[in-house]
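Inside the fold
What follows is the residue order along each chain.
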Amino acid sequence: MSETILQVKDLRTSFMTDAGEVKAVNGVSFELEKGKVLGIVGESGSGKSVTAYSIMQILQFPGRIIGGEILFKGDNLLEYSRKQMREFRGSSVSIIFQDPMTSLNPVFSIGHQIDEAIRLHTDRRGADIRRRTIELIHLVGINDPERRVRQYPHELSGGMRQRVMIAMALACEPDILIADEPTTALDVTIQAQILELIAELKAKIGMAVIIITHDLGVIADMCDEIIVMYAGSVCERGTTDDIFYSPSHEYTRNLLQSIPKDRKTDERLIPIAGTPIDLLNLPPGCAFAPRCKECMKICLEEHPEEIAISDTHYASCWVNIRKILTEEGAPAGAAVEDRGGETR
């Protein structure tokens, strides 16, 4: 049986602004097993990156975690001191940010920056640090590492800078690697190379990986499990096959329809209707209801509980609740319609 190394339980993260409370992460729960790859997918503003920053506790003011638990090997990270969190970052969990040019310091060589990560989180000292830096640069597929360590970020291409970020993240062989939109600023060819590199390193080191992206197509071949987020909440989660071949939430189906097809036709993309919800004024019901063609009255009034579609597949959707009740022999839509849930 696989070992669960990370558990996120009912995580709630908000940004307290002059206009009010922005509920960026609103009750997110999931588990990550050792050696597995978890994809977190959703459009911009869905809370994907804030979830990762909450795990790492690197939220910028005025953001703060207001509820829930983040358990790493059974220990609640929210009870860690600042010193414990500094030791935790890098040594146990590392993160790759989406823009390597702004994540790397332009006035220091890449060798200096990787050296620093090793010095802070390991017992290596002196020449042993630089040897490890050169090993890491070679490991992530950058040629001539002895010369590259002396170069500065502006002297490298976007793909090479992202590889340097991966090398820094792997400096201490962490248990978990979080990749936050790792291919956003790269062309398609380099995207494939970076994802392939992450997969190879995962297999070699045995770490678990969380990949955050807005594009389901990017992670189709990498993930063991996928979480689909919308407006700070998880609307569906399951195995990759569950999400791609049996999507149960209308938002997930819309995301899949919006992926460009590899066909030489004039077929148009199908956009998601409407606009993202205002996180300052979340509705009492399902956040996706105003954009959902399957919306019922109850969808606008009450937030749906997560239900099991199968042993591996879960969704938060009133339409699915009604369907399951009907299949189990209850009067069609009884528990939904009796509360005013007539189809719009």
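Preceding this paragraph is the structure being described.
Here is a short report on the structure shown in this document. (Residues numbered from 1 in each chain as written. Predicted model: local features only at pLDDT ≥ 70, side-chain atom pairs only at ≥ 80, totals over all residues. Heavy atoms only, no water.)

Some thoughts on helix H4 (residues 110-121)
Owing to its 3.6 residues per turn, the α-helix brings residues three or four apart onto one side. Spanning twelve residues, H4 covers 17 Å between terminal C-alpha atoms, matching the ideal 16 Å at 1.5 Å per step. Among all positions of H4, only Ile 110, Gly 111, Gln 113, Ile 114, Asp 115, Ala 117 and Ile 118 are buried. Where the residues of H4 are buried, they touch helix H5 (127-139), helix H6 (145-148) and helix H7 (158-169). (Helix = DSSP H or I, 4+ residues; strand = E, 2+ residues; numbered from the N terminus. Expected span 1.5 Å × (residues − 1). Buried < 20%, exposed > 50% of the residue type's maximum accessible area, 1.4 Å probe, protein only. Contact = heavy atoms within 4.5 Å.)

Here's the deal with the packing of H7 against helix H8 (residues 188-205)
In the contact formed by H7 and H8, the axes pass within 10 Å of each other and the chain directions differ by 20°. As judged from the angle between their axes, H7 and H8 are roughly parallel. Crossing geometry of H7 relative to H8 is assigned as right-handed. Contact residues: Gly 159, Gln 162, Arg 163 and Ile 166 in H7; Ile 190, Gln 193, Ile 194, Leu 197, Ile 198 and Leu 201 in H8. (Axes fitted to C-alpha atoms, helices over the stretch in contact; angles between N-to-C directions. Parallel < 35°, antiparallel > 145°, perpendicular 65-115°, else oblique. Left-handed = near helix turned anticlockwise from the far one by under 90°.)

Points about the side chain of Lys 48
With respect to the secondary-structure elements, Lys 48 resides in helix H1 (residues 48-56). Buried charge without a partner: Lys 48 forms no salt bridge, and the closest opposite charge is Glu 181, 4.2 Å away. At 3.2 Å, the side chain of Lys 48 and the backbone oxygen of Glu 43 are in polar contact. If we skip the residues at most four places from it in the chain, Lys 48 touches Ile 40, Val 41, Gly 42, Glu 43, Glu 181, Ile 212, Thr 213, His 214 and Met 229. (Lys, Arg positive; Asp, Glu negative; His and termini not counted. Salt bridge = Lys/Arg side-chain N within 4 Å of Asp/Glu carboxyl O. Polar contact = N/O pair within 3.5 Å; in protein donor to acceptor, adjacent residues only side chain to side chain.)

Points about the sheet that holds strand E8 (residues 208-213)
Sheet architecture is open: eight strands sit in the order E6-E7-E8-E3-E9-E10-E12-E11, paired in mixed fashion. In this open sheet, the two strands that pair with only one neighbour each are strand E6 (93-96) and strand E11 (306-308). On average, each strand axis in the sheet is inclined to that of its neighbour by 20°, with strand direction left out of account. With four bridges joining them, E6 and strand E7 (residues 176-180) adopt parallel strand pairing. Among the inter-strand pairings, Val 93 is bridged to a residue of E7, identified as Ile 176. The strands touched by helix H10 (residues 250-257) within the sheet are strand E3 (37-41), strand E9 (225-230) and strand E10 (233-239), with E9 carrying the most contacts at an inclination of about 105°. (Pairing = 2+ DSSP bridges.)

Comments concerning the side chain of Gln 162
Position of Gln 162 relative to the elements: it lies in helix H7. Relative accessible area serves as the criterion here: at 1%, Gln 162 is assigned to the buried category. What Gln 162 contacts, discounting residues up to four positions off in sequence, is Ile 96, Phe 97, Gln 98, Pro 100, Pro 182, Leu 186 and Ile 194.

Concerning unusual backbone geometry
Here the bond from Phe 61 into Pro 62 is cis, since omega is 10°, no more than 30 degrees from zero. Here Pro 62 lies in the loop between H1 and strand E4 (63-72). Of note in the backbone geometry, Asp 144 takes a positive phi value of approximately 50° without being a glycine. By the element assignment, Asp 144 lies in the loop between H5 and H6. Positive phi is not limited to glycine here, since Glu 181 has a value of about 50°. With respect to the secondary-structure elements, Glu 181 resides in the loop between E7 and H8.

Quick look at the nonpolar core
In this structure, Ile 166, Ile 198, Ile 211, Leu 216, Ile 226 and Tyr 251 are the most contacted members of the largest nonpolar core, which totals 67 residues. Ranked by residue count, the leading element in this core is H7, at six residues. The residues touching Ile 166, leaving out its near neighbours within four places in the chain, are Ile 96, Val 140, Ile 194, Leu 197, Ile 198 and Leu 201. In this structure, Leu 11, Leu 38, Ile 40 and Ile 212 belong to the second largest nonpolar core, which totals 30 residues. (Core = buried A, V, L, I, M, F, W, Y, C linked by side-chain atoms within 4.5 Å.)

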